[in-house]
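Here's the letter readout for the chains.
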Amino acid sequence: MTVLDHDLTAAAQALPRPAAAAVSTRVRLERAKHAFSTRTVGAFLRRATGLDLITEDHVPSAGEVVLARVIEIGQHKRLESPVSRRQILFPGDEILVAYGSRYAADQFLAVIPGDLGPCHLAAAGGLASRVIDQHADIDLPTEIEPIGVVRDAHGPVTLERAAAHHVVRGVTARPQRPAHDVPVIAVLGTSMNSGKSTVLAHLAHGLAAAGLRVAAGKATGTGAGNDYNLFTDAGAHRVLDFTDFGYPSTFQVEYEEVRDLVLSMADELAGGAERPDVVLIEIADGLYQGETSRLLQDPHVTQVVNRIVFAAGDALGAAGGVQALTGLGHGPALVSGVVTASPLAAAEARRALEVPVIDTFDLGLPEVARGAVEDLLQEA
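Residues numbered from 1 in each chain as written. Predicted model: local features only at pLDDT ≥ 70, side-chain atom pairs only at ≥ 80, totals over all residues. Heavy atoms only, no water.

A. Molecular detail of the layout of surface pockets. Approximately 620 Å³ is the volume attributed to the largest pocket. Together, 30 residues line the largest pocket, and Arg102, Met192, Lys218, Ala224 and Asp227 are the ones closest to its centre. Counting residues per element, the ones that place at least two in the lining of the largest pocket are β7 (102–103), α5 (196–209) and α6 (226–234). The leading source of residues in the lining of the largest pocket is α5, at three residues. (1 Å grid on protein atoms, 1.4 Å probe; cavity = no way out; pocket = protein on both sides within 12 Å on 5 of 7 lines; lining within 4 Å. Points joined across faces, edges and corners; volume = space filled by probe spheres on them. Helix = DSSP H or I, 4+ residues; strand = E, 2+ residues; numbered from the N terminus.)

Written as structure tokens, this is what we have:
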């Protein structure tokens, strides 16, 4: 047992238990604070039969829904609700979250534990995980004690079973050509917090202001409502993210499954009765994150993605990112992001690069946004 595991167990044992209540599992689940990651689970549970909790002899899997109890408040003091309200957490609260792993250079590296023992709330969106490393500038993770994995008459309840959309597995299940002719623009970045989501939002806003119908999605990352709601507020008429397909996080998901998720999301956003003029998809984290770099080298993905917009934190990151993308045969159409918040840094990037460096907020102007995609629209 590690020191951290020992501390978790000691904290769980030290916190007084509330008196047992004669309530059914269904009522207990309804009373718990639900997380954003489990936003489709509430309706699923209302239809489910044979609800119960698995409390022992179980190895958790990604996406399994777990009822847990807050032991000690740490980095995450609030739990994001299904409608993105920040619910303040108190020791003793029962919360409904999902097992998953997390890769966040500015916060936590966390993995799915091998048992139902004490673990952590690794993300405010509702991720039950065991933190194994963290950034030096943040607090220790909030400690939670799983009460039990939720199950119904068919087995453990998972986000995938409750999801509104499902991944089409295997590239052979898709046509040799993309299942749509709508232009797809991928927004990538140097790292976490390089400005990807903000760039996508302003581009979406500018395109919508130019009279175009925009669909937006976030294909990889850790489940949370911030970006989802940001894209909606920016003017995207339809928004999806990986949680809509049943994933609390995409870290440590098999690469082929991540690839199929990206392709399925692109097809779903581009299809339907309200066909968009353009699809914008954010790929989380940075170019050196494992799944991101592999996606850029996958011909099945590059067949669908028509253009790349790159967000960078500084001029050197912008230059290195453009060089790396160009080496992969996918030079970006433009660079934006946090680097443009500084006129000096933006000027440095412009001197170093041949591709346009556009201020993030300028992408929200209809003439700028439309100019960035005009040729794609003409080809579609």
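B. Molecular detail of the packing of α5 against α6. Where α5 contacts α6, the two axes come as close as 8 Å, and the packing angle between them is 20 degrees. It follows that α5 is roughly parallel to α6 by the angle criterion. Note on packing geometry: the crossing formed by α5 with α6 is right-handed. Along its contact with α5, which presents Ser197, Thr198, Leu200, Ala201, Ala204 and His205, the element α6 presents Asp227, Leu230, Phe231 and Ala234. Its residues placed into classes, the contact of α5 with α6 shows six nonpolar, three polar and one charged. (Axes fitted to C-alpha atoms, helices over the stretch in contact; angles between N-to-C directions. Parallel < 35°, antiparallel > 145°, perpendicular 65-115°, else oblique. Left-handed = near helix turned anticlockwise from the far one by under 90°. Contact = heavy atoms within 4.5 Å. Nonpolar A, V, L, I, M, F, W, Y, C, P; charged D, E, K, R; others polar.)

C. Looking closely at unusual backbone geometry. In this structure, Asp57 is a non-glycine residue whose phi angle is positive, near 50 degrees. Positionally, Asp57 belongs in the loop between β2 (52–54) and β3 (65–72). With relative accessibility at 78%, the residue Asp57 sits in the exposed group. (Buried < 20%, exposed > 50% of the residue type's maximum accessible area, 1.4 Å probe, protein only.)

D. Geometry of the pattern of salt bridges. For the structure shown, the criterion picks out 20 salt bridges. For Arg39, the salt bridge identified is with Asp244, shortest N-O distance 2.6 Å. Taken together, the residues span a long stretch of sequence, with Arg39 in the loop between β1 (33–34) and α3 (41–47) and Asp244 in the loop between β15 (238–241) and α7 (255–270) at a distance of 205 residues. Each member of the pair, Arg39 as well as Asp244, is classed as buried. With a shortest N-O distance of 2.8 Å, Arg161 and Asp152 are connected by a salt bridge. Taking relative accessible area as the criterion, Arg161 reaches 31% and is therefore assigned partly exposed. (Salt bridge = Lys/Arg side-chain N within 4 Å of Asp/Glu carboxyl O.)

E. How the structure looks around the pairing of strand β16 (residues 278–282). Burial analysis of β16 places five of its five residues in the buried class, the great majority of the element. Burial along β16 is two-sided: Val278, Leu280 and Glu282 and Val279 and Ile281, pointing in opposite directions, are all buried. Where strand β14 (residues 214–218) meets β16, five bridges bridge the pair, whose relative direction is parallel. Bridge pairing links Ala215 to Val279 in β16. (Pairing = 2+ DSSP bridges.)

F. Region of interest: the environment of Glu64. Along the chain, Glu64 turns up in the loop between β2 and β3. Sequence separation between Glu64 and Gly337 is 273 residues; the distance between their C-alpha atoms is 35 Å. At 2.8 Å, the side chain of Glu64 forms a polar contact with the side chain of His58. (Polar contact = N/O pair within 3.5 Å; in protein donor to acceptor, adjacent residues only side chain to side chain.)

G. The arrangement of the pairing of β3 in detail. Taken across its eight residues, β3 has seven buried, putting it largely inside the fold. Where β3 meets strand β6 (residues 94–99), five bridges bridge the pair, whose relative direction is antiparallel. Residue pairing in the sheet places Leu67 in a bridge with Leu96 of β6. With six bridges joining them, β3 and strand β11 (residues 142–152) adopt antiparallel strand pairing. Each residue of the ladder has a partner; that of Arg69, found in β11, is Glu145.

H. Just the packing of aromatic side chains, in detail. For the structure on display, the rule yields two aromatic pairs. Summarising the aromatic geometry, the rings of Phe36 and Tyr228 are spaced 6.2 Å apart at their centres and angled 70 degrees between planes, so their arrangement reads as edge-to-face. Taken together, the residues span a long stretch of sequence, with Phe36 in the loop between β1 and α3 and Tyr228 in helix α6 at a distance of 192 residues. For the pair Tyr103 and Phe251, a centre-to-centre distance of 5.4 Å together with 55 degrees between the ring planes defines the contact as tilted. Taken as a pair, Tyr103 in strand β7 and Phe251 in the loop between β15 and α7 lie far apart in primary sequence, 148 residues in all. For the cation-ring pair, Arg39 lies above Tyr228, with the distance from its terminal atom to the ring centre recorded as 5.0 Å. (Phe/Tyr/Trp six-rings, centres within 6.5 Å; stacked < 30°, edge-to-face > 60°. Lys NZ or Arg CZ within 6 Å of the ring centre and 35° of its normal.)

I. Quick look at the sheet that holds β16. Here six strands make up an open sheet; going across it, the order is β15-β14-β16-β13-β17-β18 and the pairing parallel. The open sheet has two edge strands with one neighbour each: β15 and β18 (334–336). Neighbour-to-neighbour, the strand axes of this sheet turn through a mean angle of 20 degrees, independent of strand direction. Looking at chain direction, strand β17 (residues 307–311) and β18 are connected through three bridges and run parallel. Bridge assignment links Phe310 to a residue of β18, and that residue is Val335. Along the sheet, α5 makes contact with β13 (184–189), β14, β16, β17 and β18, crossing β16 at roughly 170 degrees. Each of β13, β17 and β18 touches helix α10 (residues 315–327); the most contacted strand, β17, lies at about 155 degrees to it.

Spatial relationships are all this shows, so hold off on functional conclusions.
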